[in-house]
Each structure stands twice: as structure tokens, then as C-alpha cells.
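# Architecture at a glance
Read off the chains here:
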Amino acid sequence: MSKIVANDVKWRDISPGGIICDAGNAALFKTGDWRSIRPRWIEEKCKQCSLCYPTCPDSSIIMTEEALMRGFDYDHCKGCGVCAKACPFGAIEMEEEA
Ligand code: SF4
Ligand code: SF4
């Protein structure tokens, strides 16, 4: 078997980066690492209206089977702030990442 030297590897031989090849695989990767701000749930203000849930583009709002809001999946939340805008009761605030 011949030894592969780094200089012999051409760009066409390398797997393309930044491409998602399979649908529905986002749950397998922690994609919240590049978030700079994060949502904070203020439970005492929450009326459990569920309005925030369908607004999240990353399905990062945690809901129980009884449709009770329980916080955020920070492994996947991107910190976009849409949920905070959608909450009519001020129960979600955006704050700087620690
Ligand atoms: S900040 Fe954006 S990504 Fe994170 S939970 Fe709210 S809507 Fe989803
Ligand atoms: S929109 Fe606000 S009040 Fe309604 S469930 Fe979400 S956090 Fe709670």
C-alpha cells in the first residue's frame, strides 16, 4: 500500500465543508456554539401560551407533551431573538453569553 503524502491530496479528493448532506441531521451536532446572545426564560412571567414555540427556526424551545414551555435547548439555539420578540408577556429576554 502506498503512503499518502499531504501534498498529494488534491482539493477534489477532500470532502466539501459547510455542506449538510443529509436532511434532518441537525440534532446530531451542537450548533449553538457560535451564539453571542442567548434567550433567558422568566418562568414567573410565562403564561404558557405556546406562541414562542412555532417561531423558533431551530426547534430549540423545549415543550413537554402537555405543551408546557420548559426553557431552551442551548445546544442548538442560535440566539436569533425571534422567540423574545414573539412572547407577548415579556417572559423571554435576550442576554449576553457568559
Ligand atoms: S433565540 Fe432563536 S434559536 Fe434560540 S430559542 Fe429563541 S427563536 Fe430559537
Ligand atoms: S410566548 Fe412567552 S408566555 Fe407564551 S409560552 Fe412562550 S415564554 Fe411563555
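Each chain carries its own residue numbering, running from 1 in the direction its sequence is written. Chains and ligands are labelled by the order in which they are written, letters from A for the one and numbers from 1 for the other. With the structure being a predicted model, the display of local features is reserved for residues of pLDDT at least 70 and the display and counting of side-chain atom pairs for 80 or more, all residues being used for whole-chain, interface and lining totals. Side-chain numbers come from the whole structure's heavy atoms, not from hydrogens or water.

## A short note on the overall build of the protein chain
The secondary structure listing takes helices from DSSP runs of H or I that are at least 4 residues long and strands from runs of E that are at least 2 residues long, numbered from the N terminus. The helix and strand tally for the protein chain stands at one helix and four strands. Mapped in sequence order, the helices and strands of the protein chain form the string β-β-β-α-β. With C-alpha atoms as the basis for the radius of gyration, the globule rule is written as 2.2 Å multiplied by the number of residues raised to the power 0.38. For the protein chain, whose C-alpha radius of gyration is 20 Å, the value lies well above the compact-globule estimate of 13 Å for 98 residues. Buried, partly exposed and exposed residues are distinguished by accessible area as a fraction of the type maximum, computed with a 1.4 Å probe on protein chains only: under 20%, between the cut-offs, and over 50%, respectively. Within the protein chain, buried positions represent 26% of all 98 residues. Contacts are assigned to residue pairs with any non-hydrogen atoms lying within 4.5 Å of each other. Restricting to contacts in the protein chain with at least 6 residues of sequence separation, those with at least 24 account for 62%. Accessibility throughout is a Shrake-Rupley quantity obtained with a 1.4 Å probe, and a residue counts as covered only by protein chains that appear here. Total accessible area on the protein chain is roughly 7600 Å²; 55% of this is exposed by carbon and sulfur atoms.

## Let's talk about the site of ligand 2
Neighbouring ligand 2 are 13 residues; Cys46, Cys49, Ser50, Cys52 and Cys87 lie closest to it. Note on residue categories: nonpolar means Ala, Val, Leu, Ile, Met, Phe, Trp, Tyr, Cys or Pro, charged means Asp, Glu, Lys or Arg, and polar means any other residue, Gly included. Along the lines of polarity and charge, the residues of the shell around ligand 2 split into 10 nonpolar, two polar and one charged. To be near a molecule or strand, a residue needs just one of its heavy atoms within 4 Å of it.

## Some words on the site of ligand 1
In the vicinity of ligand 1 lie 13 residues, with Cys56, Cys77, Cys80, Gly81 and Cys83 positioned nearest. Counted by class, the shell around ligand 1 contains eight nonpolar, three polar and two charged residues.

## A closer look at the pattern of salt bridges
Here, a salt bridge means any Lys or Arg side-chain nitrogen found within 4 Å of an Asp or Glu carboxyl oxygen. Under the definition given, this model contains five salt bridges. In this structure, the salt-bridge partner of Arg40 is Glu93, at a minimum N-O distance of 3.0 Å. In this pair, Arg40 is assigned in strand S1 (residues 37-41) and Glu93 in strand S4 (residues 92-96), connecting sequence segments 53 residues apart. Connected through shared salt-bridge partners, Arg35, Arg38 and Glu97 make up one network.

## Overview of the side chain of Ser60
When you line up the elements, Ser60 lands in the loop between S1 and strand S2 (61-63). At a separation of 3.2 Å, a polar atom in the side chain of Ser60 contacts the main-chain amide nitrogen of Cys77. Those residues in contact with Ser60, other than ones at most four positions away along the chain, are Gly71, Phe72, Asp73, His76 and Cys77. Any N or O atom pair separated by 3.5 Å or less is treated as a polar contact, with the protein-specific requirement of one donor-capable and one acceptor-capable atom, and with residues adjacent in sequence counted only for side-chain atom pairs.

## So, the pairing of strand S3 (residues 69-72)
Think of it this way: DSSP has to see at least two bridges between two strands before they count as a pair. Where S2 meets S3, three bridges bridge the pair, whose relative direction is antiparallel. Among the inter-strand pairings, Ile61 is bridged to a residue of S3, identified as Phe72. The turn joining S2 and S3, which pair antiparallel and follow one another in sequence, is formed by five residues; a positive phi near 60° is taken by Ala67.

By themselves these figures say nothing about function.
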